[in-house]
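Structure assessment
If you want the building blocks of each chain, they are given just below.
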Amino acid sequence: MSAEVLPTPRASQRPGRDASLDIYKGVAICEVVAHHLTGFALNHTVNGSLSHALYSLLNRTFHFGVLGFLLLNALLQSRSQVLRPRPWGEFYRKQFSRVVIPYLMWSLLYLLYRKVIHHEHLVAILSRGRWVDILLWGKAYYHLYFLAILLQFTLLFPAFLAMVRRTRAPFLLILAAGLLLQAGVDLLYKATPPPRFPYPATLAVWHVTPLLLGCWLGVRWESMADLWRRWGLLILPLLAGALAVQLPLAIRALNGMPVNSLAIHLSLQVYAAMLALALLAFSRHLAAGTSRLGPLMARLGGASLGIYVMHPGLLHLYGKLLTRTGSMMLFHLGLLAGGVAMVALSLALTNLIAKTRLKGPLLGM
């Protein structure tokens, strides 16, 4: 692909801010919501039916969002540190208010949500050391593990940044290094005698490939067009090939069938990384053009944290109504309409919080 494939985004209202990255976040958060919606649908359709098969296909295809956000977070942190170098003490103070406080606040809110909505007893939730899982591994609610991974990556970030700043390795070599490290982590986990750590997917090292690639991109973000000129013709076939390997394995695993865990893990990492690169290129196109889709996605991207943390709670409440329709056609239409409504409501609530003093502790602003 030529360099013209990636036009320069228009200037953002905020100096130093790349509008295409907000657009990327908007697209990615829509994918995360779609993944959770189709996951909900899988639990309410008959296994073996056409509806279940289609939702399985969509759910596994959308199983990219968290890895895509991890790559972007690594990119943003690296780019920020390159453009405006800060002492590590200042860096960690800022990250404490942006990541740690919101993580603790949403963990607390979802514990209260479980008590009020799910009718769980807090004593039972926090008993037998389960508070450790909630605090360290994001188990207050099923989606908060992403924030726990961000916390771990923040601690490891200086090491990641040092690795990519000291190398002139090209994109393909960085991808290969990430996959080799990933395979090593997988094999080490398998070689660990029982009892093994029960939540490997909540560990930052379980996602080395997107984190390493994200840091590498952040250091070289201004030369993104050159990346596509040199490697664009390889990225798209890698994306298609990884999906062709990943999708059948993921659906087998979804149906409880045995699969090669290393193959499914590595193919997911390649798929997510290549799709993230393709979406970054697509986002630059939108940012440079006049389509209304770009500003809409940028608006969603600016509120992506709020949408991420709020929509699972809204989905649970809406799901109680949706399962009472009694008609599969109404269920499908209601699922689509509900997804749009949840994103819109989460966006509105995020914008409302952003105007109050709660924007710091809840949104890290």
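Residues numbered from 1 in each chain as written. Predicted model: local features only at pLDDT ≥ 70, side-chain atom pairs only at ≥ 80, totals over all residues. Heavy atoms only, no water.

Attention now moves to the pattern of salt bridges. Taken as a whole and judged by the stated rule, the model has three salt bridges. The residue Arg 284 makes a salt bridge to Asp 18 at a minimum N-O spacing of 3.9 Å. Of this pair, Arg 284 sits in helix α11 (residues 261-288) while Asp 18 sits in the segment before α1 (19-42), and the two are 266 residues apart along the sequence. In terms of burial, Arg 284 and Asp 18 fall into one category: buried. One salt bridge connects Glu 120 with Arg 114, and the closest N-O pair in it is separated by 3.0 Å. Exposure remark for Arg 114: the relative accessible area of 9% places this residue in the buried category. (Salt bridge = Lys/Arg side-chain N within 4 Å of Asp/Glu carboxyl O. Helix = DSSP H or I, 4+ residues; strand = E, 2+ residues; numbered from the N terminus. Buried < 20%, exposed > 50% of the residue type's maximum accessible area, 1.4 Å probe, protein only.)

With that settled, the discussion passes to the side chain of Ser 78. Relative to the assigned elements, Ser 78 resides in helix α3 (residues 65-83). When its relative accessible area of 0% is taken as the criterion, Ser 78 is described as buried. If we skip the residues at most four places from it in the chain, Ser 78 touches Phe 157, Leu 161, Cys 215, Gly 218 and Val 219. (Contact = heavy atoms within 4.5 Å.)

Quick look at the environment of Ala 140 now. By secondary structure assignment, the location of Ala 140 is in the loop between α6 (130-137) and α7 (145-165). A C-alpha to C-alpha distance of 7.6 Å links Ala 140 and Leu 108, two positions 32 residues apart in sequence.

In total, this model carries 19 aromatic pairs according to the counting rule given. When the centroid spacing of 6.5 Å and the interplanar angle of 45° are considered together, the rings of Trp 88 and Tyr 92 count as tilted. Taken together, the residues Trp 88 and Tyr 92, both in helix α4 (residues 88-116) and four residues apart, mark about one turn of the helix. What makes Trp 88 partly exposed here is its relative accessible area of 34%. For the ring pair Trp 88 and Phe 157, a centre distance of 5.9 Å and an interplane angle of 75° mean the geometry is edge-to-face. Note that Trp 88 is positioned in helix α4 and Phe 157 in helix α7, a separation of 69 residues in sequence. What makes Phe 157 buried here is its relative accessible area of 0%. Here the aromatic residues Trp 88, Phe 91, Tyr 92, Phe 153, Phe 157 and Phe 160 are joined through ring pairs into a cluster of three or more. (Phe/Tyr/Trp six-rings, centres within 6.5 Å; stacked < 30°, edge-to-face > 60°.)

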